[in-house]
Amino acid sequence: MHIFGKLLGVFFGSLFGGMLGAAFGLFIGHHFDKAKSRARGGFSFQSGGSQSERQAEFFHAAFSVMGHVAKAKGQVTQQEIMLASTMMDRMSLHGEQRKEAQNAFREGKESEFPLEDVLQKVRQSASGRRDLIQFFLELQISAAFADGELHPKEREVLHTIAAALGFSAAQLEKRLKMQEAAFRFQRGGGNHQGNFQGGWGGEASQANQLSDAYKLLGVSEDADAKELKRAYRKLMNEHHPDKLVAKGLPPEMMEMAKEKAQEIQAANDLIKKVKGF
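Since the structure is predicted, the reported quantities are computational estimates derived from the model, not experimental observations.

Caption draft 1: Molecular detail of the packing of aromatic side chains. Applying the stated rule across the entire model yields two aromatic pairs. Aromatic pair F58 and F136: ring centres 5.4 Å apart, planes at 85°, arrangement edge-to-face. Within this pair, whereas F58 is found in helix α2 (residues 51-71), its partner F136 is found in helix α6 (residues 130-144), the two being separated by 78 residues in sequence. Across the pair, F136 and F58 agree in class, each one buried. For the ring pair F59 and F63, a centre distance of 5.1 Å and an interplane angle of 55° mean the geometry is tilted. Of this pair, F59 and F63 are both found in helix α2, four residues apart, which corresponds to roughly one turn of the helix.

Here it is, written out as structure tokens:
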């Protein structure tokens, strides 16, 4: 939390102008601290920067916003820190890369973290690359769902993030339902061949997994083969790892894009097998 500017502002303001001066000093100090917070985050997002610079900025912004989402429920617990570490493990982050992710996550937890400014710069930097912005949003959703549930405060922050990135409330809710289904689908043991695994057992459990596969793809359970194919191709195109990296996704996050693509493939294979498409 940045309070140095406020303390100086109040001190010198009261020294030269009494209570009125202290109030004015507090106001000036607040803006000084806010500017300092932005500077620390390093969110320059220079449109003329190199690809590697833009990727580094995307990486930093993603983890700092994750930290902000984790703080939404109040004090960040050891569980949230472990979940963040799990995300870093999934990206195989080590050494300086992991340190950078940890520092960004801590910045996001600060009370004066400039969320709207960061999101605006993410959106500007990725202008014309909506699938990259969508991936940024899905990272935040995935982090919020990492413990298997979504707290009302986390949902509220995700709506703020989605709106700032140009997504409607309805679009976010659809993504939340898809991610919730994806979480259950993973737990149910869906794999690339569309087999039922993971100890679900029984027709009812198999039906549940099939239902989650439809939700994961964002289609209704009465979708025909043509609708399923269209939804599958759209999602695979949005989450194609090589395309995302070419558009600015940090290479460190490529593994998560691969996991998502595999998830989509598994859901599609399961539906096709059961329905005989």
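After that view of the structure, there is still more to cover.
Caption draft 2: Here's a closer look at the packing of α6 against helix α7 (residues 152-164). Remark: α6 packs on α7, axes separated minimally by 10 Å, with the N-to-C direction vectors making an angle of 175°. Judged by the angle between their axes, α6 and α7 are roughly antiparallel. Here L137, Q140, I141 and A144 of α6 come into contact with α7, specifically with E154, L158, I161 and A162. Within the contact of α6 with α7, the residues separate by chemical class into six nonpolar, one polar and one charged.

Caption draft 3: The arrangement of the environment of G218 in detail. Tracing the backbone through its elements, the reader meets G218 in the loop between α9 (203-217) and α10 (225-238). Given the relative accessible area of 30%, G218 is considered partly exposed. Those residues within four positions of G218 in sequence are excluded, and the remaining contacts are K174 and M178.

Caption draft 4: Main features of the pattern of salt bridges. According to the stated counting rule, one finds ten salt bridges in the structure shown. A salt bridge links E263 to K260; the nearest nitrogen and oxygen atoms lie 3.0 Å apart. One end of the pair is E263 and the other is K260, both in helix α12 (residues 254-275) and three residues apart, which spans about a single turn. Through salt bridges with shared partners, a single ionic network connects E138, R175, K234 and E238.

Caption draft 5: Quick peek at α2. With 21 residues, α2 should cover 30 Å at 1.5 Å per step; its first-to-last C-alpha distance of 30 Å lies within 8% of that length. With 16 of 21 residues buried, α2 is to be regarded as a mostly interior element.

Caption draft 6: Inspection of unusual backbone geometry at higher detail. The phi torsion at S92 lies on the positive side, around 55°, for a residue other than glycine. With respect to the helices and strands, S92 occurs in the loop between α3 (78-90) and α4 (95-109).

Caption draft 7: Structural detail: empty space enclosed by the protein. For the structure on display, the rule yields five cavities of 30 Å³ or more. Lining the largest cavity are 13 residues, with A70, E80, L83, A143 and A144 sitting closest to its centre. At the level of elements, α2, α3 and α6 are the ones that each hand at least two residues to the lining of the largest cavity. Considering each element in turn, the lining of the largest cavity owes the most residues, four residues, to α3. Taken together, the residues of the lining of the largest cavity break down into nine nonpolar, no polar and four charged. In this model, the second largest cavity occupies a volume close to 70 Å³. Contributing to the lining of the second largest cavity are E138, I141, R175, M178, Q179, L235, H239 and K260. Every element with two or more residues in the lining of the second largest cavity is listed here: α6 and α8 (169-188). Of the residues forming the lining of the second largest cavity, the biggest block, three residues, is contributed by α8. Here the residues of the lining of the second largest cavity sort into three nonpolar, two polar and three charged.

Caption draft 8: Examining the layout of surface pockets more closely. Here the largest pocket defines a volume of roughly 330 Å³. Mapped by element, the contributors of at least two residues to the lining of the largest pocket are α3, α6, α8 and α12. In terms of residue class, the lining of the largest pocket is built from eight nonpolar, four polar and six charged. The computed volume of the second largest pocket comes to approximately 280 Å³. Along the walls of the second largest pocket sit 16 residues, with Q134, K174, R175, K234 and E238 positioned nearest its centre. Contributing elements (two or more residues each) for the lining of the second largest pocket: α6, α8 and α10. In the lining of the second largest pocket, the residues fall into seven nonpolar, three polar and six charged.

Scoring rules and cut-offs
- Residues numbered from 1 in each chain as written.
- Predicted model: local features only at pLDDT ≥ 70, side-chain atom pairs only at ≥ 80, totals over all residues.
- Heavy atoms only, no water.
- Phe/Tyr/Trp six-rings, centres within 6.5 Å; stacked < 30°, edge-to-face > 60°.
- Helix = DSSP H or I, 4+ residues; strand = E, 2+ residues; numbered from the N terminus.
- Buried < 20%, exposed > 50% of the residue type's maximum accessible area, 1.4 Å probe, protein only.
- Axes fitted to C-alpha atoms, helices over the stretch in contact; angles between N-to-C directions.
- Parallel < 35°, antiparallel > 145°, perpendicular 65-115°, else oblique.
- Contact = heavy atoms within 4.5 Å.
- Nonpolar A, V, L, I, M, F, W, Y, C, P; charged D, E, K, R; others polar.
- Salt bridge = Lys/Arg side-chain N within 4 Å of Asp/Glu carboxyl O.
- Expected span 1.5 Å × (residues − 1).
- 1 Å grid on protein atoms, 1.4 Å probe; cavity = no way out; pocket = protein on both sides within 12 Å on 5 of 7 lines; lining within 4 Å.
- Points joined across faces, edges and corners; volume = space filled by probe spheres on them.

The quantities given are spatial measurements derived from coordinates; they are silent on function.
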